[in-house]
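Secondary and tertiary structure notes
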Amino acid sequence: MRTPKTAAEAAPGGFEDSGGRTGEERPARASAPRAGRAVLRTALIPVLAVMLATLCTVSAGIGAVAVPFDEVVGAVFGGTGPHDAVLWQIRFPRVTLSMLIGASLGVAGAAMQGVFGNPLAEPGVIGVSSGAAVGAAGTIVLGVSAFGEWSVTVAAFAGGLIATFVVYLLSRSGGRTEVVTLVLTGIAINAVAGALVGLLTFLADDAQLRSISFWSLGSIGGATWPVVAGVLPFTLAGLALIPFFARALDVLALGERGARHLGVDTERVRLGVITLAALLTGAAVAAAGVIGFVGLVVPHLIRLVAGPGHRMLLPASALTGAFVLLAADLVARTVAVPAELPIGVLTALLGGPFFLWLLRRTRSRQGGWA
């Protein structure tokens, strides 16, 4: 029989604790933070949407040619102005592509952490980023031009999907996959892909080497409406379909055995989520190169505010990912004018210290990630 450590623990409802608070008062006080968090969750999506819309307008107006705020808003609603060419040919495609890629990486990261049950999971763990890098580097070095100016993009997308399904098939045994096997297989495929990129880099000439380096560091500088049109179908498909797995991802937090006992087809869920995450990440990496830490950090940032439920986590991660990448792109193209910082470098420089802070905070508050 458990003996209470203090009299307050054993005290029935109306007894006072050492601070003079009654047992009835303590639950009331404890419910205040919960009520505040519930209000915050309700307002989170509208607040994020307003923040993103504001940043879109600000970002479209800032650059080598400054565009007034009212002219940006007017152009969105069909107005005309002296800077229409700048807005519609340069700024708006770049803003749109930044949002699509950021949303894709944010949702893919949240989904991968849910399906793997691991806070360190990110889209790259299934090999999609490294596979895309092999496809892009191979196209650059070998001079493949079957798809014209789209050759590198198509090869990167195909390489990412191929690597993902190689990881999945090698992890499958007896009609099932296991999380640990998927992760370890992903690590092995990432290592092989890294070696192949290193070999291609060794074989490249100076011009090809610069192209590989530029692509591997990530950039939104190549944004055009055709590129946006190429990314849009995969982003919309992923963002529309992954929320259907929200309940299953919540149940998977109980563990694979518990999820199966509650009627969740864990293998179907895992295959579906991995496929959609690969589509989202593959399209993003093909369009902008390797951009790290967005898919890893954004879901953790949302969990601090909204908790772990995927019905809120997935759409909030899409909006926050779009906001983070749009802000990073704005900094990347303005902080060192006339040069432009690689956006992948910037996200890693900012995301790494934030993740270290988050790690220390989590360990100090609850003793770990569990």
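Residues numbered from 1 in each chain as written. Predicted model: local features only at pLDDT ≥ 70, side-chain atom pairs only at ≥ 80, totals over all residues. Heavy atoms only, no water.

1. Describing the overall build of the protein chain
Across its full length, the protein chain holds 15 helices and 0 strands. In the protein chain, which comprises 370 residues, the proportion classed as buried is 44%. Contacts in the protein chain between residues far apart in sequence, at least 24 positions, make up 72% of those at least 6 positions apart. When the accessible surface of the protein chain is split by element, carbon and sulfur atoms take 68% of a total near 18400 Å². (Helix = DSSP H or I, 4+ residues; strand = E, 2+ residues; numbered from the N terminus. Buried < 20%, exposed > 50% of the residue type's maximum accessible area, 1.4 Å probe, protein only. Contact = heavy atoms within 4.5 Å. Areas by Shrake-Rupley, 256 points an atom, 1.4 Å probe, with all protein chains shown as cover.)

2. Points about helix H7 (residues 179-203)
Since the α-helix turns once every 3.6 residues, residues separated by three or four places project in the same direction. When the terminal C-alpha atoms of H7 are compared, their 36 Å separation across 25 residues agrees well with the 36 Å that a helix rising 1.5 Å per residue should span. Elements in contact with the buried residues of H7: helix H4 (84-116), helix H5 (128-142), helix H6 (151-171) and helix H12 (266-288). (Expected span 1.5 Å × (residues − 1).)

3. Brief notes about the packing of aromatic side chains
Overall, the coordinates contain 3 aromatic pairs when judged by the stated rule. Geometrically, the ring pair formed by Trp88 and Phe92 is edge-to-face, given 4.7 Å between the ring centres and 85° between the ring planes. Pair noted here: Trp88 and Phe92 are both in helix H4, with a separation of 4 residues, about one helical turn. For the pair Phe157 and Phe234, a centre-to-centre distance of 4.6 Å together with 45° between the ring planes defines the contact as tilted. Of this pair, Phe157 sits in helix H6 while Phe234 sits in helix H9 (residues 225-241), and the two are 77 residues apart along the sequence. Ring pairing ties together the aromatic residues Trp88, Phe92 and Trp225, which thus form one cluster. (Phe/Tyr/Trp six-rings, centres within 6.5 Å; stacked < 30°, edge-to-face > 60°.)

4. Topic: a nonpolar patch on the surface
Taken together, Val192, Leu196, Leu199, Phe202 and Leu203 make up a surface patch of nonpolar side chains, about 530 Å² in accessible area. Note that Leu203 resides in helix H7. (Patch = residues over 30% accessible without salt bridge, like charges linked within 9 Å, V, L, I, M, F, W, Y side chains within 5 Å. Salt bridge = Lys/Arg side-chain N within 4 Å of Asp/Glu carboxyl O.)

5. A word on the layout of surface pockets
Here the second largest pocket defines a volume of roughly 470 Å³. In terms of lining, the second largest pocket is formed by 23 residues, of which the most central are Glu149, Thr153, Gly222, Ala286 and Ala287. When contributions to the lining of the second largest pocket are tallied by element, the ones reaching two or more residues are H5, H6, helix H8 (206-217), H9 and H12. Among the residues making up the lining of the second largest pocket, the classes are represented as 11 nonpolar, 11 polar and 1 charged. (1 Å grid on protein atoms, 1.4 Å probe; cavity = no way out; pocket = protein on both sides within 12 Å on 5 of 7 lines; lining within 4 Å. Points joined across faces, edges and corners; volume = space filled by probe spheres on them. Nonpolar A, V, L, I, M, F, W, Y, C, P; charged D, E, K, R; others polar.)

6. Quick word on the nonpolar core
Within the largest apolar cluster, 86 residues are counted, with the highest numbers of intra-cluster contacts made by Leu97, Ile101, Met112, Phe116, Ile126, Ile220 and Ile291. The contacts of Met112, once residues within four sequence positions are left out, are Ala121, Glu122, Pro123, Val125, Ile126, Ile274 and Ala277. Membership of the second largest hydrophobic core comes to 6 residues, among which are Ala137, Val141, Ala204 and Ile212. (Core = buried A, V, L, I, M, F, W, Y, C linked by side-chain atoms within 4.5 Å.)

7. Details of H8
For H8, spanning 12 residues, the distance from its first C-alpha to its last is 17 Å, which sits close to the expected 16 Å at 1.5 Å a residue. What H8 keeps buried is the set Gln208, Ile212 and Trp215. The buried residues of H8 occupy one face: seen down the axis, they fall within an arc of 70°. Away from its buried face by more than 90 degrees, H8 exposes Asp206, Arg210 and Phe214. Buried positions along H8 lie against H5, H6, H7 and H12. Where H8 begins, the side chain of Asp205 points an oxygen toward the backbone nitrogen of Ala207, at a separation of 3.2 Å. Gly218 sits one or two positions beyond H8 and adopts a positive phi of about 85°. (Arc of directions from axis to C-beta. Polar contact = N/O pair within 3.5 Å; in protein donor to acceptor, adjacent residues only side chain to side chain.)

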